[in-house]
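Chain by chain, the residues:
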Amino acid sequence: MLPLTRRASLAASGARAFHSHAGQPCVIPCSPARSHYAGNTSTTTRSSSRRSAMLPTGIPSSRARWFSTSSTSLPPTRTEWGKEYGEGLGGAAQSPPAQLPEGHFLADKVRKFQEDVAEALKGQPGVLITAWLITDNVIADLFHRYVDGPFSLIAVDTLHIFDETRQVAAEMQNRYPIEIKWYKPIDCETREDFQQKYGSFLTMKDDDFDLKSKVEPLQKALMSLDGAVVITGRRNDQGNARTAVPIWEAEKNTFNPLVEWSWEDVVEYARVFDIPVNPLHKRLYLADREVAAKERDTYKGFLEMTLDRPYFYYSKDALHKMLGNTGSKWYVWKSFGDFHTSVPVPINNSERDGRFVKRVATECGIHTRVSNSKKAPHGGQALVDLLPKDGQSVPDVSRVSRTTELTERQVCDL
């Protein structure tokens, strides 16, 4: 844990303690090819005394730090920054371009995206299942910017999502003229309704919670698609069950257009076009030791800071200049599910490392227990063929001559 004197001195100095280094503005010039946004780098500490007042109803006090939006002092505006430091980072951000700049390293991937869309959809409507994560928002922008054809969004509100997730959802709705349909747990409008009907997330079995909060609402949504192609934001670099996801899954009529994109590709595209992203991407949590995922929602030694822009808009050198020697371990938000199973991750780790914490599963069921096809479950027809048929006795496993390795998604179906 950081010494109390150090924490107190940082709080007392306000935002300046974080955005200046040796008395100078601390964002370095950006390279033109893969530049990071050179905006105001103001940051601020958080007031623990006010966290409980900001806590949404029903969220355990141990998770208060993830929902805090109060601060000890307001960060300077861009105008005030310019007046105080004379030069450097004042002024408004540039307007995003209509298309990728000529020669941009993502240009080939965007062209392939357009080709894959034409091959997968063949004029059919596409429906993106969105959780308002950065990859989902990038896909929505890609369709809006580069594709002509019917496209809409389906969103599931589990009634346990972050308030910041609702905020970015509203920003996306305001930005893009795309039809969006929301689905909630059956016969529930509020978290209190869910608790009364099904129970509390604190006491429900994980599978039961996922079934009632996510799977059943999505099944209801898919029943209304009438042949539309389901689109997901899964990527192969996310790991776990997602290391070999194909672009097209014919048995499920599902299209995964960004499976070959990396996290770096996605955030660069979002940066270029200034796509709305979850405000929690602006949060940094610093510690003087490694903090296990299961500890991060209760760990008291984090120094919490808020940047003016999402952390990935800044180069690592710029962050090092801003932070100096403050905390040797940096944690950031990369992915957001339900508030009770999501935590920040080490800055270089996969976003999936912060999901389904304190649980065995790495998927909630939306991508493993739901299919947009009556032909087969999500695991595919090959899985069905392996199962004992009605009236057939289970074979003696001691005499097995051939084994078949199942992916995690197929095991979920079993």
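Note that this is a predicted model, so its numbers are computed, not measured. (Residues numbered from 1 in each chain as written. Predicted model: local features only at pLDDT ≥ 70, side-chain atom pairs only at ≥ 80, totals over all residues. Heavy atoms only, no water.)

**Some points on the environment of phenylalanine 143**
You can see phenylalanine 143 is positioned in helix α7 (residues 134-146). Between the C-alpha atoms of phenylalanine 143 and phenylalanine 113, which are 30 residues apart in sequence, the distance is 9.4 Å. Apart from the residues within four sequence positions on either side, phenylalanine 143 is in contact with Phe113, Val117, Leu121, Phe151 and Ile231. (Helix = DSSP H or I, 4+ residues; strand = E, 2+ residues; numbered from the N terminus. Contact = heavy atoms within 4.5 Å.)

**Details of the pattern of salt bridges**
A side chain of one charge can pair with a side chain of the opposite charge when the charged atoms of the two come close. According to the stated counting rule, one finds 23 salt bridges in the structure shown. A salt bridge links lysine 112 to aspartate 116; the shortest N-O distance between them is 2.9 Å. Here lysine 112 pairs with aspartate 116, and both are found in helix α6 (residues 107-121), just four residues apart, close to one helical turn. Assessed through its relative accessible area of 30%, lysine 112 is described here as partly exposed. The partner of glutamate 268 in a salt bridge is arginine 271, with the nearest N and O atoms 3.0 Å apart. With a gap of three residues between them, glutamate 268 and arginine 271 both fall in helix α11 (residues 263-272), about one helical turn apart. Here glutamate 268 matches arginine 271 in class, with each residue buried. Residues participating in the shared-partner salt-bridge network are Lys112, Asp116 and Glu260. (Salt bridge = Lys/Arg side-chain N within 4 Å of Asp/Glu carboxyl O. Buried < 20%, exposed > 50% of the residue type's maximum accessible area, 1.4 Å probe, protein only.)

**Considerations on the sheet that holds strand β5 (residues 179-183)**
Strand order in the open sheet made by the six strands is β5-β4-β3-β6-β8-β7, with mixed pairing throughout. The open sheet has two edge strands with one neighbour each: β5 and β7 (248-249). Pairing geometry for strand β4 (residues 151-156) and β5, over five bridges, is parallel. In the strand pairing of β5, alanine 155 is matched with tryptophan 182. Sheet strands touched by α7: β3 (126-130), β4 and β6 (229-231). Its angle to β3, the strand with the most contacts, is close to 155°. (Pairing = 2+ DSSP bridges. Axes fitted to C-alpha atoms, helices over the stretch in contact; angles between N-to-C directions.)

**A few points about the packing of aromatic side chains**
Within a pair of aromatic rings, the relevant descriptors are the distance that separates the centres and the angle that separates the planes. Under the definition given, this model contains 17 aromatic pairs. The interplanar angle of 90° and the centroid separation of 5.4 Å between the aromatic rings of phenylalanine 113 and phenylalanine 143 together place this pair among those described as edge-to-face. A residue pair is termed long-range when its members are at least 10 positions apart, and phenylalanine 113 in helix α6 and phenylalanine 143 in helix α7 qualify at 30 residues. Comparing phenylalanine 113 with phenylalanine 143 shows no difference in burial state: the two are buried. Ring plane angle 75° and centroid distance 5.3 Å describe the contact between phenylalanine 162 and tryptophan 333, whose orientation is recorded as edge-to-face. Of this pair, phenylalanine 162 sits in the loop between β4 and α8 (163-175) while tryptophan 333 sits in the loop between β11 (329-332) and β12 (345-346); the two residues are 171 residues apart in sequence, bridging distant segments of the chain. In this structure, phenylalanine 162 and tryptophan 333 share a single accessibility class: buried. A connected cluster of aromatic rings, assembled from ring pairs, spans Trp263, Tyr311, Phe312 and Tyr313. (Phe/Tyr/Trp six-rings, centres within 6.5 Å; stacked < 30°, edge-to-face > 60°.)

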